[in-house]
Amino acid sequence: MKYKLLTPGPLTTTDTVKKEMMFDHCTWDDDYKKITLKIRNDLLQLAHADGEEYTVILMQGSGTFGVESVLTSSVGKKDKLLIVSNGAYGERMEDIAKHAGLSYAIYHQDYDKQPDVEKIAEILEGDDSITHVSMVHSETTSGILNNIEEVTRVVKNKNCTMIVDAMSSFGGMDIPVQQLEIDFLISSANKCIQGVPGFSFIFAKKEALMKTKEQARSLSLDLYDQWETMNKDGKWRFTSPTHTVLAFAQAIEELKKEGGILARANRYYENNREIRKRFQEMGLEPYIEEKYQGPIITTFIFPKDANFTFEEMYQYIKERGYAIYPGKVMEAETFRIGNIGEIYREDVEALCSIMKEFLEVKKHEN
Ligand SMILES: *Cc1c(COP(=O)(O)O)cnc(C)c1O
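Everything numeric here is computed off the predicted structure, so don't read it as measured data.

For the chain, the helix and strand inventory stands at 13 helices and 14 strands. A globule of 366 residues ought to have a C-alpha radius of gyration of about 21 Å, and the chain, at 21 Å, matches this closely. When its C-alpha atoms are laid out on the principal axes, the chain stretches across 65 × 55 × 35 Å. Out of the 366 residues in the chain, the part that is buried amounts to 58%. Of the contacts made within the chain by residues no fewer than 6 positions apart, 72% connect residues no fewer than 24 positions apart. Carbon and sulfur atoms form 49% of the exposed surface of the chain, whose accessible area is close to 16000 Å². Within the chain, one finds 45 positive and 58 negative side-chain charges whose respective centroids are separated by 2 Å.

On the basis of which strands lie adjacent, the open sheet formed by 7 strands has the order β2-β10-β9-β8-β5-β3-β4 and mixed pairing. Two strands lie at the open edges of the sheet, namely β2 (54-60) and β4 (104-108), each paired on one side alone. Here the average twist between neighbouring strands, direction ignored, is 20°. Two strands pair when backbone bridges link them, and strand β9 (residues 184-188) and strand β10 (residues 199-205) are joined in this way by 5 bridges, in the antiparallel orientation. Bridging across to β10, Phe184 finds its partner in Ala204. Sitting on the sheet, helix α3 (residues 63-74) is in contact with β2, β3 (81-85), β5 (132-136), β8 (161-165), β9 and β10, with an inclination near 160° to β9. Contacting β2, β9 and β10, helix α9 (residues 223-233) crosses the sheet at an angle of about 105° to β2.

With respect to spatial proximity, the complete set of residues near the ligand consists of Ser62, Gly63, Thr64, Tyr89, Arg92, Val136, Ser138, Thr140, Asp165, Met167, Ser168 and Lys191. Here Ser62 contributes a side-chain N or O atom positioned 2.5 Å from an oxygen atom of the ligand. In the model, a nitrogen atom of the ligand is placed 2.6 Å from a nitrogen or oxygen of the Asp165 side chain. Relative to its unbound accessible area of 380 Å², the ligand is 86% covered by the protein chains.

What follows is about the nonpolar core. In terms of nonpolar packing, the biggest core is built from 49 residues, with Leu43, Phe170, Ile193, Phe201 and Phe203 touching the most fellow members. By residue number, the principal contributor to this core is helix α10 (residues 242-258), which donates 6 residues. Dropping the residues within four chain positions of it, Phe170 is found in contact with Leu43, Leu46, Ala47, Ile175, Leu185, Ser187, Cys192, Ile193, Phe201 and Phe203. The next biggest cluster of nonpolar side chains, apart from the first, holds 26 residues, and it includes Val70, Met93, Phe184 and Trp227.

Enumeration over the complete set of coordinates arrives at 14 aromatic pairs. Arranged with centres 5.9 Å apart and planes meeting at 90°, the rings of Phe201 and Phe203 form a pair that is edge-to-face. The exposure class of Phe203 is buried, given its relative accessible area of 1%. Between Phe310 and Tyr314, the ring centres sit 5.9 Å apart and the planes meet at 25°, which makes this aromatic pair stacked.

The subject of this paragraph is the domain arrangement of the chain. Considered domain by domain, the chain is made up of domain 1 (16-257) and domain 2 (260-365). The gap between the C-alpha centroids of domain 1 and domain 2 is 28 Å. The interface of domain 1 with domain 2 comprises 26 residues on the first partner and 25 residues on the second. Between domain 1 and domain 2 lies a buried interface of about 2200 Å² when both sides are counted; carbon and sulfur atoms form 60% of it. At the surface where domain 1 touches domain 2, the tally comes to 0 salt bridges. Here domain 1 and domain 2 share 11 residue pairs in polar contact (both at pLDDT 80 or more) between them. Going through the elements one at a time, α4 (88-100), β7 (144-145) and α10 are the ones with two or more residues in the side of domain 1 that touches domain 2.

Rules behind the numbers
- Residues numbered from 1 in each chain as written.
- Predicted model: local features only at pLDDT ≥ 70, side-chain atom pairs only at ≥ 80, totals over all residues.
- Heavy atoms only, no water.
- Helix = DSSP H or I, 4+ residues; strand = E, 2+ residues; numbered from the N terminus.
- Rg over C-alpha atoms; globule rule 2.2 N^0.38 Å.
- Buried < 20%, exposed > 50% of the residue type's maximum accessible area, 1.4 Å probe, protein only.
- Contact = heavy atoms within 4.5 Å.
- Areas by Shrake-Rupley, 256 points an atom, 1.4 Å probe, with all protein chains shown as cover.
- Lys, Arg positive; Asp, Glu negative; His and termini not counted.
- Charge placed at Lys NZ, Arg CZ, Asp CG, Glu CD.
- Pairing = 2+ DSSP bridges.
- Axes fitted to C-alpha atoms, helices over the stretch in contact; angles between N-to-C directions.
- Near = heavy atom within 4 Å.
- Polar contact = N/O pair within 3.5 Å; in protein donor to acceptor, adjacent residues only side chain to side chain.
- Core = buried A, V, L, I, M, F, W, Y, C linked by side-chain atoms within 4.5 Å.
- Phe/Tyr/Trp six-rings, centres within 6.5 Å; stacked < 30°, edge-to-face > 60°.
- Domains from an automatic or database assignment.
- Buried area = accessible area lost by both parts, 1.4 Å probe.
- Salt bridge = Lys/Arg side-chain N within 4 Å of Asp/Glu carboxyl O.

Next comes the structure, spelled out in C-alpha cells:
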C-alpha cells in the first residue's frame, strides 16, 4: 500500500527524483566529480554565500552525522561549547558532546519557548572559556522556529564560533548564511531540498574551517579532511552515496524550477497555516503559540477526552494515504503533522477530510 509522508524527513519526493537512482554511477571519473562540485556550488548560492568566504562539505550519513562532524571537528581540546537547547535535537548535541568528551555547558529552555537572547549574552559574559555556541533553527521536536538571527549576533559580538543545525529548515526557508556570519550550518539531503536520505551538508566559513585542521576526534567524521579531499576535484573521501547524490542533484534542479527557496517557503507556509487552521476548527490545538510556530511541522495536543489512541488514528489516516508522526515533547501527549516535501494544497485538503471523518466516526462510537 502506498502513502505520502507527512513526516519531516524522510519526506515525499517526486518520481523524477526517485528515477535518478535507477542508474549505478561510477565514482572516480570526471562526470561524477562534476556532479558533486555542481551540488556544492548550487548550495552556496542557495545560502547566499560566496565561494571566497564560504565552502560546502558533503558528509556521508544522516543529519546527525553532519552535526557530530562539526561539533567534534570544531570544538578543540582547549575550547568550550555552549549548547542552546529547547528540544530533542538540542539535547542530541549534548549527547554528542558527552560521547566525544567535549568541554561544554548547556542552556535549557522550555520546549515551547524560544531561547532567551539576554540569558545567552549573560552566560557568555560570565564564562570567558566558552568559544563555541550551537543551536537548532527549526526544532523539529515541537515545530518551534528559533531566533538564530538574534542569537548569532550576540555570539559573534563575543567573537565565538556559531554553529546552527538548520536540518529541517534549510531549503524551505531563506537563510542568508554569510550575512548572518554563521560559521557552520548543517542540513541534510532528505529534508527541504527534497532529496532522499544518505548524506548531510555543511556550510563552513573558511576561516573557521581552517582552525579545525588536525583536531577532529573521529576519522570518518573529520570535517577538514573531508573538505580537503572533496575540494580538490569533487572526490568523496570514502565511498560516496552515489544514488543519493544523483537524486539530490535532480532535487536541486526541481527546487530551482519551483521558483527557488522563496517559492518553496511560500508553499510550506501555506500548507502549515491551512493545517493549523483546519485542525483548530476540529478542536485540535497546536502546542506552539502562533508567533513562534515554524512552517515545517506542527505539534498538536492529543485531545484529552479522546476515545482512541494515536495508533488507531495513525492507522486510519495511513490506510487513506498519509503517514503522520508521533509526538516527541515530554510534558504533553501530542502528535505531529509535517507539511514539507511533495505536499500540496490537495494533500492538505485530503488530510483534513480524513481527520474530520475519523473524529466523526469516533464521536458516534461514544
Ligand atoms: C532531522 C533532524 C536532524 C537529523 O536527524 P537524522 O535522523 O540524523 O537525519 C537533526 N536536527 C534536526 C533539527 C532535524 O530535524
